[in-house]
Amino acid sequence: MHFGPVRIYAFIVIIALFDATLAIGGEDRNEISVGAIFYENEKDIELSFDQAFREVNNLKFAELRFVTIKRFMPTNDSFLLQQITCELISNGVAAIFGPSSKAASDIVAQIANTTGIPHIEFDLKLEASRQEQLNHQMSVNVAPSLSVLSRAYFEIIKTNYAWRTFTLVYETPEGLARLQDLMNIQTLNSDYIKLRNLADYAGDYRVLWKEADETFHEQRIVLDCEPKTLKELLTISMEFKLQGPFRNWFLTHLDTHSSGLRDIYNEDFKANITSVRIKTVDPNPFDRKKTRITMVDQILGNQTMLPILIFDAVVLFASSARNVIAAMPYHPPNRQCGNSSPWMLGAFIVNEMKTISEDDVEPRFKTENMKLDENGQRTQFNLEIYKPTVNEPMMVWTPDGGIMKRRLSLELDSGATTQDFSVQRKVYTVVTHYEEPYFMMKEDHENLRGREKYEGYAVDLIRKLSELLDFDYEFMIVNGNGKYNPETKQWDGIIRKLIDHHAQIGVCDLTITQLRRSVVDFTVPFMQLGISILHYKSPPEPKNQFAFLEPFAKEVWIYMIFAQLVMTLAFVFIARLSYREWLPPNPAIQDPDELENIWNVNNSAWLMVGSIMQQGCDILPRGPHMRILTGMWWFFALMMLSTYTANLAAFLTSNKWQSSIKSLQDLIEQDEVHFGSMRGGSTSLFFSESNDTDYQRAWNQMKDFNPSAFTSTNKEGVARVRKEKGDYAFLMETTSLTYNIERNCDLTQIGEQIGEKHYGLAVPLGADYRTNLSVSILQLSEKGELYKMKNKWWKNHNVTCESFHEVDGDELSIIELGGVFLVLAGGVLTGVILGIFEFLWNVQNVAVEERVTPWQAFKAELVFALKFWVRKKPMRISSSSDKSSSRRSSGSRRSSREKTRSKTVS
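Novice: Describe the overall build of the chain, naming the residues involved and giving the relevant values.
Specialist: Scanning the chain for helices and strands turns up 31 helices and 30 strands. Evaluated residue by residue, the chain yields a buried proportion of 45% over its 906 residues. In the chain, the proportion of contacts linking residues at least 24 apart, taken out of those at least 6 apart, comes to 71%. Approximately 48300 Å² of the chain is accessible, and the part contributed by carbon and sulfur atoms is 53%.

Here is the structure:
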């Protein structure tokens, strides 16, 4: 027995006061009367009440015997309830059980508090206020406290199920009290928590479920209703597919299992339906089984809450009264309902009920973890989380340990269970949109059906995940990932379908953003990326072999040639006018008969060419006017050559491709190239919400461009870059950018990666399969499957781009200088041809002069020419004549040739 320290003095006083009455009560000491108040339709509770006292009275070593006095109420009448209570007290009852929560008045608790009679309740009731607790000091309730029960539901929904959005449907105020903590999960945000009262839809429950499906697009429903209403509600909900796959129901009434839900359960119930009930003590599998099952055994075996709780209430009172009466003399309670002094033992019994251990009671409690607090409320109890459709226990909630996996007993393991249609292989609807290389149509898609028509990175990813998680899937195609309209506050694309629960998985180039995470959930990322600039790469112009001519325009070259011809003729004419240019042929002759002028056309042209080539000449003019003329020509040649040299490098390197924009900084500091991004996408959102100065400048410029720099899709942006050929740059994610560069040789990336973003699979808020998808993505990453898939769709293609060698500084290619070599080759070839003609002309002359055949002359001249080691040539090389005649004829021929050459030079 357990007494508080404050009770010791009262205990001694009671012993002294009641010592004189021992003889009076001695004969009836082993028999105690208890009262109970039931409503007429509570037959099961009455039978459990009787069975509990039957087991208590059958204990072998019990010194007390309890006699029950039962009263029944046809209706809820406070005046009648008061009369029945006073009648029971006049019969000397030591405790009053009931009534259930159907009673609208607490008159029983108040009378019990006044008379000192223990009052035991066994049904869920709204908790009393602080003032009301003063009038309920003699009352205890073995039913779970609504505040603790609400906390249990909160932990189950928030911690275990991880629901963030759902609809709460309740029927009674007590039901609403059980859900009070759930309403605080999202601080009553109507976008997340929707609260509905069944009374508002009493005329037609179909309106409620239509609103839940078509307006809320609800996938998770928390329902608190009486078991008798449950079958009708769930049957009607099937019309709106609320019992389909991926739907989740949590039924909070503790008697859901007694609603007969299993009678209507069939294969159309594919929703995941769970509920809770008070956890009963697991039966000992080694106990001897009863051969005859009574009605009471069936009632207690059904685990209906009120019959079990009243059984525990009887055991709790009987054990506590037995402990108190065994420790002190027994004095019967007062038989007056008025203002007489309260029964002193009643307070001790109530205190014992609050402190007694469940290990000290006999028979044992039917429910686990029975513990009352100082206010007489049951704050310690265990809840069993189970599937009411198949009666399958899953987990257990305890106030101290939270949620733990249910450990099934041997009896439950061996029993046959109903088929659970909610765990059958599911078909996921995967929403996506056309975007290379994530989701595309196969070339021969006309000959294929279903999901076999599609290919791409996203298709391979979903196929891999379906193999790991063993699910089927079908594709739903929409336009775009999902853009948010701030005016209508609505989403479109993939996000819209997930919000409406028309699809279970969203996959494509779907960037994880905080705004999207507020309406959908994401798995772990399957790809990391950033933002970069896509620009047009102008192909280099064809290289010109005669690029050395480009420093001057065609007209300049023509004028230069014309100027040289004019200067040559002018030089010859002026030289003939100048007496200083006429000199004797032989300087040794003091008084020559004739004079000669060396400035003929050949010499004059040679001076002009040598000057323009900066090589000079071995003969120079003598007269002042001739030198002035020559100096002006040299000045002209210097200016033209310097100008040519200065422009040569620029013209030879002008066809090299070099972008003037190399970073985002360069892009925003110029006004020739417009740039933009996809309207409403994650890239534009990145720039619009960034606090970085450069990013804000870029965003402001993008908004101000006219025509608009934004596009509706990435594909449109890429096409615009190629179309405008350098006048437009597109900001896009690096994955799509790399893909397009790999397949278009006229595109290039400018600058480094901006920021860091991630792609992930999107699922509806609170989807329970998100964790499994994340784990599977991590497995694919660890195995290298994600890397292989990316290489497959990004690198493997049939496009080969010509590589252009970009040179640095003043380096010139052989093509650009090829014209110089051609000119050189042309001059050499011309000289060789002229040399050959001159050689043949000389052979003809030799043949005539030496009287030999042309072949002999040709052979003799050619053989001598090939003897490079011979440095002196004889006057006659033909072998047809003797040496003397050859020497004479050669000498005469030589002198005649020299005379001819002298005249030619003159």
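From this point, things continue past the structure.
Novice: Quick one: what's the story with the sheet that holds strand S29 (residues 747-759), residue by residue and with numbers?
Specialist: The four strands lie next to each other as S27-S28-S24-S29, forming an open sheet whose pairing is mixed. What marks the edges here is a single partner per strand, and that holds for strand S27 (674-676) and S29. Going across the sheet, the axis of each strand differs from the next one's by a mean of 15°, ignoring polarity. Seen against the sheet, helix H26 (residues 734-743) touches strand S24 (527-536), strand S28 (728-733) and S29 and runs at an angle of roughly 50° to S24.

Novice: Could you give an account of the environment of Gln83, with specific residues and numbers?
Specialist: Within the secondary structure, Gln83 sits in helix H4 (residues 78-90). Judged by relative accessible area, which is 42%, Gln83 ranks as partly exposed. The spacing of Gln83 and Val108 is 25 residues in sequence and 9.9 Å in space, taken between C-alpha atoms.

Novice: Explain the sheet that holds strand S15 (residues 402-405) residue by residue, including any values.
Specialist: The strand order S7-S6-S8-S9-S10-S13-S14-S15 describes an open sheet built from eight strands, whose pairing is mixed. In this open sheet, the two strands that pair with only one neighbour each are strand S7 (193-197) and S15. Looking at each pair of strands side by side, their axes are set apart by 20° on average, direction ignored. In terms of strand pairing, strand S13 (residues 383-387) meets strand S14 (residues 392-398) through five bridges, oriented antiparallel. When the bridges of S14 are listed, Ile385 appears paired with Met395.

Novice: So what's going on with the nonpolar core? Residues and values would help.
Specialist: If you look at the biggest cluster of nonpolar residues, it comprises 97 residues, and the most contacted ones within it are Phe66, Phe97, Tyr153, Val222, Phe250, Leu254 and Phe317. Among the elements that take part in this core, helix H13 (residues 305-327) stands out by supplying 15 residues, more than any other. Apart from residues no more than four positions distant in its own chain, Phe66 is found in contact with Ile32, Val34, Phe53, Val56, Asn57, Phe317, Ala318 and Ala321. Membership of the second largest hydrophobic core comes to 46 residues, among which are Met440, Val459, Tyr759 and Trp793.

Procedures and definitions
- For every chain, the first residue of its written sequence is number 1, and the numbers climb from 1 along that sequence.
- This being a predicted model, a pLDDT of at least 70 is required before a residue's local features are given, and a value of 80 or more before pairs of side-chain atoms are given or counted; all residues contribute to the totals for chains, interfaces and linings.
- For the side-chain quantities, the full set of heavy atoms in the structure was used; hydrogens and water were omitted.
- Put simply, DSSP H or I for four residues or longer makes a helix, DSSP E for two residues or longer makes a strand, and each gets a number counted from the N terminus.
- Burial classes: relative accessible area under 20% of the type maximum marks a residue as buried, over 50% as exposed, and values in between as partly exposed (1.4 Å probe, protein chains only).
- Pairs of residues are marked as contacts when any of their non-hydrogen atoms sit within 4.5 Å.
- Under the convention used here, a 1.4 Å probe and the Shrake-Rupley method define accessible areas, while residue burial counts only the protein chains that appear.
- Strand pairing is defined by DSSP finding a minimum of two bridges between the two strands.
- Think of each axis as a best-fit line through the C-alpha atoms, taken over the contacting stretch in the case of a helix, with angles from 0 to 180 degrees between the N-to-C directions.
- As used here, the term nonpolar core means buried Ala, Val, Leu, Ile, Met, Phe, Trp, Tyr and Cys residues forming a set that is joined through side-chain atoms within 4.5 Å.

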